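Fold and contact review
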Amino acid sequence: MNIAYHIVGVAAALWIGFSSYSLFTKAEFVVDPLIQYGVPRSWWNPLALAKGAGALGLIVGFFIPVIGIAAAIGVILYFAGAVITTIRARSYKTSVFPVLYMVPAIATLALQLAV
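An account of the accompanying structure is given in this report. (Residues numbered from 1 in each chain as written. Predicted model: local features only at pLDDT ≥ 70, side-chain atom pairs only at ≥ 80, totals over all residues. Heavy atoms only, no water.)

**Here's the deal with the packing of helix α1 (residues 2-24) against helix α5 (residues 96-114)**
Contact geometry for α1 and α5: axes closest at 9 Å, N-to-C directions at 150°. One way to sum up the angle between α1 and α5 is to call them roughly antiparallel. Remark: the crossing between α1 and α5 carries left-handed chirality. Of the residues in α5, those touching α1 at Ala4, Tyr5, Val8, Gly9, Ala12, Trp15, Ile16 and Ser19 are Leu100, Tyr101, Pro104, Ala105, Ala107, Thr108, Leu111 and Gln112. (Axes fitted to C-alpha atoms, helices over the stretch in contact; angles between N-to-C directions. Helix = DSSP H or I, 4+ residues; strand = E, 2+ residues; numbered from the N terminus. Parallel < 35°, antiparallel > 145°, perpendicular 65-115°, else oblique. Left-handed = near helix turned anticlockwise from the far one by under 90°. Contact = heavy atoms within 4.5 Å.)

**Digging into α1**
Under the 1.5 Å per step criterion, the end-to-end length of α1 is 32 Å for 23 residues, consistent within 8% with the ideal 33 Å. Among the residues of α1, Tyr5, Gly9, Ala12, Ala13, Ile16, Ser19, Ser20, Ser22 and Leu23 are the ones counted as buried. Check the buried side of α1 and you find it contacts α2 (28-37), α3 (44-60), α4 (65-88) and α5. Following α1 by one or two positions, Lys26 adopts a phi angle in the positive range, close to 60°. (Expected span 1.5 Å × (residues − 1). Buried < 20%, exposed > 50% of the residue type's maximum accessible area, 1.4 Å probe, protein only.)

**Regarding the packing of aromatic side chains**
In this structure the tally under the stated criterion is five aromatic pairs. Here the aromatic rings of Trp15 and Tyr101 are separated by 4.7 Å at their centres, their planes lie at 40°, and the arrangement is tilted. Here Trp15 is found in helix α1, whereas its partner Tyr101 is found in helix α5, with 86 residues between them in sequence. Owing to a relative accessible area of 34%, Trp15 belongs among the partly exposed residues under this scheme. Ring plane angle 10° and centroid distance 5.2 Å describe the contact between Phe79 and Tyr101, whose orientation is recorded as stacked. Remark: Tyr101 occurs in helix α5 and Phe79 occurs in helix α4; sequence separation between them is 22 residues. Classification of Phe79 by relative accessible area gives buried; the value is 3%. Members of the aromatic cluster, each reached through a chain of ring pairs, are Trp15, Tyr78, Phe79 and Tyr101. (Phe/Tyr/Trp six-rings, centres within 6.5 Å; stacked < 30°, edge-to-face > 60°.)

**Observations regarding a nonpolar patch on the surface**
Where nonpolar side chains cluster on the molecular surface, the patch consists of Trp15, Phe18, Tyr21, Phe29, Val96, Phe97, Val99, Leu100 and Val103 and spans about 870 Å² of accessible area. Contributions of two or more residues to the nonpolar patch are made by α1 and α5. In terms of residues, the nonpolar patch owes the most to one element, α5, which gives five residues. We classify Phe18 as partly exposed; its relative accessible area is 42%. (Patch = residues over 30% accessible without salt bridge, like charges linked within 9 Å, V, L, I, M, F, W, Y side chains within 5 Å. Areas by Shrake-Rupley, 256 points an atom, 1.4 Å probe, with all protein chains shown as cover. Salt bridge = Lys/Arg side-chain N within 4 Å of Asp/Glu carboxyl O.)

Structure below.
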(Lines give C-alpha, C1' and ligand atoms only; values in the text may rest on other atoms or scores of the structure.)
Protein backbone atom coordinates (compact mmCIF):
# COMPACT_ATOMS: atom_id res chain seq x y z
CA MET A 1 0.00 0.00 0.00
CA ASN A 2 2.88 2.35 0.79
CA ILE A 3 4.37 1.87 -2.69
CA ALA A 4 0.99 2.54 -4.34
CA TYR A 5 0.61 5.72 -2.28
CA HIS A 6 3.99 7.01 -3.43
CA ILE A 7 3.42 6.13 -7.09
CA VAL A 8 -0.06 7.67 -7.19
CA GLY A 9 1.08 10.69 -5.15
CA VAL A 10 4.01 11.44 -7.44
CA ALA A 11 1.87 10.96 -10.56
CA ALA A 12 -0.84 13.26 -9.16
CA ALA A 13 1.71 15.89 -8.13
CA LEU A 14 3.36 15.84 -11.56
CA TRP A 15 0.05 16.10 -13.38
CA ILE A 16 -1.27 18.90 -11.17
CA GLY A 17 2.13 20.62 -11.31
CA PHE A 18 1.99 20.50 -15.10
CA SER A 19 -1.46 22.08 -14.95
CA SER A 20 -0.05 24.84 -12.75
CA TYR A 21 2.87 25.41 -15.13
CA SER A 22 0.51 25.49 -18.11
CA LEU A 23 -1.59 28.19 -16.49
CA PHE A 24 1.46 30.24 -15.43
CA THR A 25 2.77 30.14 -19.00
CA LYS A 26 -0.68 30.96 -20.38
CA ALA A 27 -0.83 27.86 -22.57
CA GLU A 28 -3.60 28.23 -25.11
CA PHE A 29 -5.33 24.97 -24.19
CA VAL A 30 -5.70 26.25 -20.62
CA VAL A 31 -6.36 29.94 -21.22
CA ASP A 32 -9.01 29.60 -23.95
CA PRO A 33 -11.45 27.69 -21.71
CA LEU A 34 -10.87 30.13 -18.83
CA ILE A 35 -11.86 32.98 -21.11
CA GLN A 36 -14.91 31.01 -22.24
CA TYR A 37 -15.90 30.32 -18.61
CA GLY A 38 -15.55 34.00 -17.70
CA VAL A 39 -12.72 33.54 -15.19
CA PRO A 40 -11.11 36.97 -14.69
CA ARG A 41 -7.49 37.25 -15.84
CA SER A 42 -6.56 38.65 -12.44
CA TRP A 43 -7.35 35.22 -10.97
CA TRP A 44 -5.13 33.20 -13.29
CA ASN A 45 -1.82 33.54 -11.42
CA PRO A 46 -3.38 32.93 -7.98
CA LEU A 47 -5.14 29.85 -9.39
CA ALA A 48 -1.87 28.61 -10.91
CA LEU A 49 -0.13 29.23 -7.59
CA ALA A 50 -2.83 27.29 -5.73
CA LYS A 51 -2.39 24.31 -8.06
CA GLY A 52 1.39 24.50 -7.72
CA ALA A 53 1.17 24.67 -3.93
CA GLY A 54 -1.17 21.67 -3.93
CA ALA A 55 1.21 19.65 -6.10
CA LEU A 56 4.14 20.54 -3.87
CA GLY A 57 2.08 19.74 -0.79
CA LEU A 58 1.35 16.25 -2.10
CA ILE A 59 5.10 15.60 -2.29
CA VAL A 60 5.81 17.17 1.11
CA GLY A 61 3.08 14.88 2.45
CA PHE A 62 5.42 11.92 2.03
CA PHE A 63 7.48 13.39 4.87
CA ILE A 64 4.90 15.43 6.78
CA PRO A 65 1.59 13.57 6.46
CA VAL A 66 -0.65 16.39 7.69
CA ILE A 67 0.65 18.61 4.87
CA GLY A 68 -0.15 15.92 2.32
CA ILE A 69 -3.66 15.48 3.68
CA ALA A 70 -4.27 19.23 3.63
CA ALA A 71 -2.84 19.50 0.10
CA ALA A 72 -4.98 16.66 -1.21
CA ILE A 73 -8.12 18.16 0.32
CA GLY A 74 -7.20 21.57 -1.10
CA VAL A 75 -6.61 20.16 -4.58
CA ILE A 76 -9.88 18.22 -4.44
CA LEU A 77 -11.77 21.37 -3.46
CA TYR A 78 -9.97 23.37 -6.15
CA PHE A 79 -11.02 20.98 -8.89
CA ALA A 80 -14.53 20.64 -7.47
CA GLY A 81 -14.74 24.41 -7.91
CA ALA A 82 -13.47 23.99 -11.46
CA VAL A 83 -16.25 21.47 -12.17
CA ILE A 84 -18.81 23.93 -10.81
CA THR A 85 -17.30 26.67 -12.98
CA THR A 86 -17.64 24.56 -16.14
CA ILE A 87 -21.23 23.67 -15.28
CA ARG A 88 -22.14 27.28 -14.55
CA ALA A 89 -20.64 28.23 -17.93
CA ARG A 90 -22.80 25.47 -19.48
CA SER A 91 -19.70 23.81 -20.88
CA TYR A 92 -20.84 20.33 -19.99
CA LYS A 93 -18.52 18.56 -22.40
CA THR A 94 -15.47 20.02 -20.63
CA SER A 95 -16.67 19.25 -17.09
CA VAL A 96 -14.82 15.95 -17.23
CA PHE A 97 -11.38 17.59 -17.44
CA PRO A 98 -11.25 18.93 -13.86
CA VAL A 99 -12.54 15.54 -12.69
CA LEU A 100 -9.54 13.91 -14.38
CA TYR A 101 -7.29 16.00 -12.13
CA MET A 102 -9.43 15.46 -9.05
CA VAL A 103 -9.47 11.65 -9.20
CA PRO A 104 -5.70 11.19 -8.66
CA ALA A 105 -5.86 13.63 -5.74
CA ILE A 106 -8.73 11.62 -4.23
CA ALA A 107 -6.75 8.41 -4.75
CA THR A 108 -3.68 9.96 -3.14
CA LEU A 109 -5.71 11.05 -0.12
CA ALA A 110 -7.37 7.64 0.22
CA LEU A 111 -4.04 5.82 -0.03
CA GLN A 112 -2.36 8.17 2.43
CA LEU A 113 -5.13 7.65 4.97
CA ALA A 114 -4.86 3.88 4.47
CA VAL A 115 -1.09 3.79 5.05
